[in-house]
Amino acid sequence: MRLNTSLIGAFLGLSTIAANSLAATPASAEPGGGNTGPASGYQALTRQDSLALRFSLEQRRTVQTVTVLGTVTGIAGSRPVFRFSVPADGSIRWWDGSGWTEIATAGTVPDSPVSMALYVPPNRERAYLAVGSRVIGEFGPVGMRAPVRLEGVRFEPQLPDGPRLEPVSARAWPPSAHPRVGEPELLSHSDSPEQMPNSAVTVPGPRGERIRMSYPVHTDDSAGAGNRYVYSDDGGRSWTTDRSGNPMPEVPSVNLTKLSGGTLLATNYHTYLRKGSNTEASVETSVSTDGGASWTRRTGVLHTPQAMRPISTETDRPGTRLGGFVLVHGALEQPDGTLLQSAYGYYANDRTYRQLLLASTDGGRNWTVRSTVAAQGGGQGYAEGAFAHTADGALLAVMRTGDYRAMVAARSTDDGRTWDPPQVLRSGSEELPVTSIYPVLEPLPGGRLALLTGRPGLRLYTSRDGIRWNAPISVDYRNSGNGTMVRTGNSLLVFGDRGANWARPAPAPYAIWAREVRLGSLS
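Note that the structure is predicted; figures quoted are calculated from it, not measured.

A.B. asks: Quick one: what's the story with the sheet that holds strand E17 (residues 227-232), residue by residue and with numbers?
C.D. replies: If you walk across this open sheet you meet the 4 strands as E15-E16-E17-E18, and the pairing is antiparallel. The sheet is open, and its two edges are formed by strand E15 (199-205) and strand E18 (240-241), each paired on a single side. In this sheet, E18 lies alongside E17 in antiparallel orientation, the contact comprising 2 bridges. Along E18, the bridge assignment pairs Tyr231 with Thr240.

Below, the structure is given as structure tokens:
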């Protein structure tokens with residue numbers, strides 16, 4: 001791939017960039033070090049709030065990577081803040097600090113001379129890419145710290161020609177954020193882990209609707225435990241920690257479900273093998289009949305038709321082995337009162353995760369296996385399944401298959417007893433794969449569905465039939481992985497974090513946020 005380049009600055013609210021905003025710098029002088037030398041081409045920036053970069057590709061022969069360098073909150077020194085690449089097949093991928101995600105399919109960049117442009121708006125929350133005159137997509141920063149300053153651009157391999165500077169208008173670029181996605185409202189922040197919000201419901205409150213939400217306050221491992229239970233009476237603008245009302249404060253994570261009669265069900269994410277049995281695991285639940293203010297604890301049993309092996313050798317209860325399956329998401333209530341629950345993990349001989357659908361006929365106390373949705377897949381297997389009914393009455397399951405891997409979907413027309421083979425889930429006119437972890441499904445008016453997915457960031461998709469999905473709305477790019485959402489009034493309230501304990505650099509501080517997405521923006 002040979003490039004002729006011109007670096008062009010453009011800013012919302014400003015018409016042009018002066019020619020001295022970019023200063024040529026030898027590759028060896030690149031701030032922050034790393035990957036410098038003859039294989040890199042580096043261009044310093046003196047204007048540091050935003051940029052537009054234009055370059056032309058003449059022939060695709062190798063991967064071309066473009067990295068914007070700068071600083072992020074709380075860390076001294078220059079580091080990558082945005083990065084994308086164009087492989088030899090003409091697709092486009094972006095790097096979020098942990099993995100690559102395809103944002104445009106093969107052939108988007110033709111194997112002939114073509115101009116490309118990169119734009120980072122002044123809020124630096126995201127970057128946009130154009131091929132020719134068409135904006136083809138957007139992507140987020142590297143890592144979960146907010147970019148503060150843009151300092152330079154690196155090309156790998158290095159540019160054969162020096163840059164030519166030109167002014168350009170920014171008016172053709174999209175807005176710096178989706179117009180229907182609100183600004184993040186912080187629920188809490190801490191020096192210790194609080195991350196990966198996973199469950200939310202709405203209940204009647206003293207002044208209308210009350211939103212209840214739960215999130216873990218421990219490291220991301222099977223030995224960690226503890227969660228926080230919060231509520232909001234003003235649509236998510238302010239939050240109160242409800243310590244006395246927490247249904248199970250000592251468990252690692254809680255799944256909340258509002259049943260048709262108004263009863264709330266809280267389920268422990270972990271199950272625990274019963275002594276002397278590999279086909280029975282204890283299931284801990286709580287029920288509330290007063291909107292989640294007080295709870296009644298109980299313990300039931302999950303019965304499996306095959307022997308299980310612990311999902312992890314770690315445990316949050318020393319001396320007690322974890323069950324073979326963990327429970328994720330709220331339960332799905334059927335018209336006859338049967339509850340359906342997502343669970344994934346291992347039977348004794350499974351090599352990778354197996355996705356199950358459980359059933360309970362006693363209000364969620366005891367559970368049996370209704371079906372295996374999918375098993376023995378590649379990657380990590382099938383996990384974190386989200387379930388919902390589609391407009392035609394079918395039951396839809398959306399499942400994770402691994403970090404930065406495509407999600408898959410399966411359908412059932414007999415209430416989850418049998419399933420079609422899983423198929424890769426795709427979205428938009430280009431049918432890009434939907435990636436990658438912790439899918440959450442939420443019914444919308446008119447039989448539509450909303451799907452939230454994590455890593456990279458948090459993205460929101462909508463569908464009228466559960467088969468064809470619209471191109472995603474980016475809700476937030478600086479989220480570690482799991483998120484959740486709940487419908488409230490004419491909006492979806494989406495919850496996320498500002499990094500998990502394994503993030504590098506580590507969160508400072510840890511934080512949980514909520515963002516409103518107005519339903520009028522969802523087609």
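A.B. asks: Give me the lowdown on the environment of Arg417, citing residues and values where you can.
C.D. replies: Inspection of the secondary structure puts Arg417 in the loop between strand E30 (408-412) and strand E31 (423-424). Distance in space between the C-alpha atoms of Arg417 and Val373 is 8.6 Å, their sequence separation being 44 residues. Beyond its immediate stretch of four places on either side in the chain, Arg417 contacts Arg370, Ser371 and Ser412.

A.B. asks: Could you give me a rundown of the environment of Ser214, with the residues and numbers involved?
C.D. replies: Summarising the element assignment, Ser214 is placed in strand E16 (residues 208-216). Put simply, Ser214 and Ala200 are 14 residues apart on the chain and 6.5 Å apart in space, counted from C-alpha to C-alpha. Ignoring any residue separated from it by four or fewer positions in sequence, one finds Ser214 in contact with Pro197, Asn198, Ser199, Asn227, Arg228, Val254 and Leu256.

A.B. asks: Outline the pairing of strand E35 (residues 449-454), listing residues and values.
C.D. replies: Counting buried residues in E35 gives 6 out of 6 residues, a clear majority hidden from the surface. Burial along E35 is two-sided: the face carrying Leu449, Leu451 and Thr453 and the face carrying Ala450, Leu452 and Gly454 are both buried. By the bridge criterion, 5 bridges tie strand E34 (residues 437-443) to E35 in an arrangement that is antiparallel. What sits directly across from Pro443, in E35, is Leu449. Counting the residues between successive antiparallel strands, the hairpin from E34 to E35 contains 5 residues, one of them, Gly446, with a positive phi of roughly 75°. Summarising the sheet, E35 and strand E36 (residues 458-463) pair through 6 bridges and their orientation is antiparallel. Each residue of the ladder has a partner; that of Leu452, found in E36, is Leu460. In this antiparallel pair of consecutive strands, E35 and E36, the connection spans 3 residues, and Arg455 shows a positive phi of 55°.

A.B. asks: Could you give an account of the packing of aromatic side chains, with specific residues and numbers?
C.D. replies: Between two aromatic rings, the relevant description is the distance of the centres plus the angle of the planes. Applying the stated rule across the entire model yields 11 aromatic pairs. Ring centres of Trp94 and Tyr477 lie 5.7 Å apart, and the angle between their planes is 90°; on these two criteria the pair is classed as edge-to-face. Of the two residues, Trp94 is situated in strand E7 (residues 92-95) and Tyr477 in the loop between strand E37 (473-476) and strand E38 (484-488); the sequence distance between them amounts to 383 residues. Residue Trp94 is classed as buried on the basis of its relative accessible area of 1%. Connected via pairs of aromatic rings, a cluster forms that spans Phe82, Phe84, Trp94, Phe139 and Tyr477.

A.B. asks: I'd like a rundown of the pairing of strand E11 (residues 134-139), residues and numbers included.
C.D. replies: By the bridge criterion, 5 bridges tie strand E10 (residues 127-131) to E11 in an arrangement that is antiparallel. In the sheet register, Val131 faces E11, and the bridge partner there is Arg134.

A.B. asks: Any details on the pattern of salt bridges? Residues and values, ideally.
C.D. replies: Counted by the stated rule, this structure contains 19 salt bridges. In this structure, Asp392 engages Arg411 in a salt bridge whose closest nitrogen and oxygen atoms are separated by 2.9 Å. Of this pair, Asp392 sits in the loop between strand E28 (383-389) and strand E29 (395-400) while Arg411 sits in strand E30, and the two are 19 residues apart along the sequence. What makes Arg411 buried here is its relative accessible area of 18%. For the salt bridge of Arg498 with Asp476, the shortest nitrogen-to-oxygen distance reads 2.9 Å. Taken together, the positions of Arg498 in the loop between strand E39 (491-497) and strand E40 (510-518) and Asp476 in strand E37 put the pair 22 residues apart, joining distant regions of the chain. Using a relative accessible area of 14% as the deciding quantity, one classes Arg498 as buried. Counted as one network, the salt bridges with shared partners bring together Glu384, Arg400, Asp403 and Arg455.

A.B. asks: If you had to explain the sheet that holds E28 to someone new, which residues and values would you point to?
C.D. replies: Pairing is antiparallel across the open sheet formed by 4 strands, whose spatial order is E28-E29-E30-E31. The open sheet has two edge strands with one neighbour each: E28 and E31. Across 5 bridges, E29 lies against E30 in antiparallel orientation. By the bridge assignment, Ala397 is partnered in E30 with Ala410.

Definitions and cut-offs
Residues numbered from 1 in each chain as written. Predicted model: local features only at pLDDT ≥ 70, side-chain atom pairs only at ≥ 80, totals over all residues. Heavy atoms only, no water. Pairing = 2+ DSSP bridges. Helix = DSSP H or I, 4+ residues; strand = E, 2+ residues; numbered from the N terminus. Contact = heavy atoms within 4.5 Å. Buried < 20%, exposed > 50% of the residue type's maximum accessible area, 1.4 Å probe, protein only. Phe/Tyr/Trp six-rings, centres within 6.5 Å; stacked < 30°, edge-to-face > 60°. Salt bridge = Lys/Arg side-chain N within 4 Å of Asp/Glu carboxyl O.

Bear in mind that shape data such as this cannot, by itself, settle questions of function.
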